[in-house]
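Each chain, written out:
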Amino acid sequence: MTSHSPNTNVLTPSSSELLNIVTRFAADLGTMTDLTTLGNCIIQELCRAGATTHGTLFLLDREHEHYRRANMVGPTAPMLIPPTLAVSHPLPHHLLATNRIMTQDNSAEDLQETDSVAGARAAMEAMQATRIVPHLIKGRLIAFSLLGAAVPMAGETELTKSTLAALAQTATNALDTIVLYEELHRSHTLMKRTDRLKSLETIAGGFAHEIRNPLTSIKTFIQLAPERKDDPQFIQDFSKVVLDDVYRIERLIQEILDYARYMEPKLTEEDFNDIVASCLYFIDVKADSHGIKVEKELASDLPRVMLDRQQIKQVLLNLLLNAMDSMAEAGGRLRVQTRKLEKPGGKVWAHIEIEDTGEGIHETNLEHIFDPFFTTKHESGEHEGTGLGLTIAHQIIQEHRGEIRVKSSVGVGTTFIVSLPALPA
Ligand SMILES: Nc1ncnc2c1ncn2[C@@H]1O[C@H](COP(=O)(O)OP(=O)(O)OP(=O)(O)O)[C@@H](O)[C@H]1O
Ligand SMILES: [Mg+2]
């Protein structure tokens, strides 16, 4: 870098100030997580380094094919700076072609005075800018910063120029990262919504299928009743069947409503062990009467978790009841273990394993157990299943950004594993 000119204007930052700006800026960028804060910081620091009192950051909006005025600092008349500039406007064109900080003099010294250069220069004048800094990465102009001229340019040094260039490069990298991150976040939200719509579609289809059988039996009863009205045995038996069918439809409707009414989890900081213990309390009596031995191992160092108590209870209860159902005939052992788990990368999870020694799940069924209405619990068992238990559990765990997995082998037993991201210690 060239040494500091002795003829520096008072308002131009000194070399150590400039160095400070660059160092602090690079450090600050690491703490920024949203585009608005980052944009403000960038334009402020560029103004400070360039000794200008106002500036505007334009950001590429790919969807609308324009650059939009994202952040402004200092006293700029907003009428001077348009809210958007089309991607095809000569100014972004020129910046993309040269990838250089545009100043009033270098725009004049450009080799050929093409239409695009003239257009860019006209725009620069109209917006009363003295410098325009391109933010270009991987051949794309993702943004540009427009700096005004409140300070006389006498103090312009090589150092100022290289500082500006260094800041611009750091800013460009940070902008690129945050823009990518925000796009990723948007597509993730979209994917989640699509997932949900897809499963609602499956549910609607499944629901129609599920209520067809009970409806047929109700219809048959109504059709036969007039001619069999004097057969008390028939009336008595069939009434019972019909009533059961009505209950089944009612239960299905309730489940679907619960699923459709599904709300964003209301997260509170919780002791996961506490929730596990309260679920185990519920199933204790039932386990006892079925000859099922319950073993619990709750880790004392389990990290605290942000979760929706009601929803997580619903998940655990369904897993515990499924495990008990699988052992209802022959009894067995239900082991519930919580653990602190640190995955590679340092992320900490609260982890629970629910292991039974029940009948196990056939390999062909294993890939369907999370599907809506998949159930093997038909009339034969102790209770009839709706097959929505695991679908809902999966949905809830996903909304908590956790994971649910299963391991099973027929005749040996099944283990469900749930991990929830822990709060930072
Ligand atoms: N621990 C387990 N052992 C053996 N099979 C299991 C176990 N957990 C789930 N399954 C299988 O997965 C199927 C789907 O479970 P899910 O909880 O979604 O519905 P369900 O238990 O059948 O009905 P519901 O939850 O409405 O009572 C079960 O019918 C069963 O076949
Ligand atoms: Mg179930």
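Computed from a predicted structure; not experimentally measured. (Residues numbered from 1 in each chain as written. Chains lettered and ligands numbered in written order. Predicted model: local features only at pLDDT ≥ 70, side-chain atom pairs only at ≥ 80, totals over all residues. Heavy atoms only, no water.)

Asks: Is there a simple way to think about the nonpolar core in this case?
Replies: Most often, soluble globular proteins keep nonpolar side chains buried together rather than apart. Ranked by size, the top nonpolar core spans 47 residues in total, and within it Phe-272, Ile-312, Leu-316 and Leu-334 carry the most contacts. Excluding residues within four positions of it along the chain, Leu-316 makes contact with Phe-272, Ile-275, Val-276, Cys-279, Ile-352 and Ile-354. Counting 30 residues, the second-largest nonpolar core is a separate cluster that includes Leu-29, Leu-46, Ile-101 and Ile-142. (Core = buried A, V, L, I, M, F, W, Y, C linked by side-chain atoms within 4.5 Å. Buried < 20%, exposed > 50% of the residue type's maximum accessible area, 1.4 Å probe, protein only. Contact = heavy atoms within 4.5 Å.)

Asks: Can you walk me through the packing of aromatic side chains in this structure?
Replies: The relative placement of two aromatic rings is captured by the distance of their centres and the angle of their planes. Enumeration over the complete set of coordinates arrives at five aromatic pairs. For the pair Tyr-67 and Phe-144, a centre-to-centre distance of 5.3 Å together with 55° between the ring planes defines the contact as tilted. Placement of Tyr-67 in strand β2 (residues 66–73) and of Phe-144 in strand β6 (residues 140–148) is noted, with a sequence separation of 77 residues between them. According to the relative accessible area criterion, Phe-144 is buried, its value standing at 0%. One Lys or Arg, Arg-228, reaches over the ring of Phe-234 and ends 4.4 Å from the middle of that ring. Cation over ring: Lys-343 sits above Trp-349, and NZ or CZ is 4.4 Å from the ring centre. (Phe/Tyr/Trp six-rings, centres within 6.5 Å; stacked < 30°, edge-to-face > 60°. Helix = DSSP H or I, 4+ residues; strand = E, 2+ residues; numbered from the N terminus. Lys NZ or Arg CZ within 6 Å of the ring centre and 35° of its normal.)

Asks: What exactly am I supposed to notice about the coordination of the magnesium ion (ligand 2) here?
Replies: Each angle at a metal carrying four tetrahedral donors should ideally be 109.5 degrees, and each at a metal carrying six octahedral donors should ideally be 90 or 180 degrees. Note on the magnesium ion (ligand 2): its protein donors are Asn-318 (OD1) and Asn-322 (OD1). The metal-donor distances range over 2.2 to 2.5 Å. With Asn-318 and Asn-322 both in helix α9 (residues 309–326) and four residues apart, the pair spans about one turn of that helix. A residue is classified by how much of its surface remains accessible, and Asn-318, at 17% relative accessible area, is buried. (Donors = N, O, S within 2.8 Å, 3.2 Å for Na, K, Ca; no water.)

Asks: Even after reading the chapter, I still don't get the sheet that holds strand β8 (residues 292–297), so can you show me in this structure?
Replies: Strand order across the open sheet formed by five strands is β8-β10-β11-β13-β12, with mixed pairing between neighbours. A single partner strand is all that each edge strand has here, and the edge strands are β8 and β12 (403–409). Neighbour to neighbour, the strand axes of the sheet diverge by 15° on average, direction disregarded. Taken together, the six bridges between β8 and strand β10 (residues 332–342) define a ladder with parallel strand orientation. Of the residues in β10, the one forming a bridge with Val-294 is Leu-334. Sheet contacts for α9: β8, β10, β11 (348–356), β12 and β13 (413–421); angle to β11, the most-contacted strand, approximately 25°. (Pairing = 2+ DSSP bridges. Axes fitted to C-alpha atoms, helices over the stretch in contact; angles between N-to-C directions.)

Asks: Can you help me understand the sheet that holds strand β5 (residues 129–137) in this one?
Replies: Pairing between the strands of a sheet is mediated by backbone hydrogen bonds and can be parallel or antiparallel. Pairing is antiparallel across the open sheet formed by six strands, whose spatial order is β3-β2-β1-β6-β5-β4. Of all strands in the sheet, those bounded by a partner on one side alone are β3 (84–86) and β4 (102–103). Of the pairings in the sheet, the one linking β2 to β3 comprises three bridges and is antiparallel in character. Considered in β3, the bridge of Arg-68 is made with Thr-84.

Asks: How should the packing of α9 against helix α11 (residues 389–399) be read in this particular structure?
Replies: Helices that pack against each other are described as a pair by the angle of their axes relative to one another and the distance between those axes. Running from N to C, α9 and α11 cross one another at 140°; their axes reach a closest spacing of 9 Å. The orientation of α9 relative to α11 falls into the category oblique. Taken as a pair, α9 and α11 cross one another with a handedness that is left-handed. On α11, the residues that touch Gln-311, Ile-312, Gln-314, Val-315, Asn-318, Leu-319 and Asn-322 of α9 are Gly-389, Leu-390, Ile-392, Ala-393, Ile-396 and Ile-397. Split by residue class, the contact of α9 with α11 holds eight nonpolar, five polar and no charged. (Parallel < 35°, antiparallel > 145°, perpendicular 65-115°, else oblique. Left-handed = near helix turned anticlockwise from the far one by under 90°. Nonpolar A, V, L, I, M, F, W, Y, C, P; charged D, E, K, R; others polar.)

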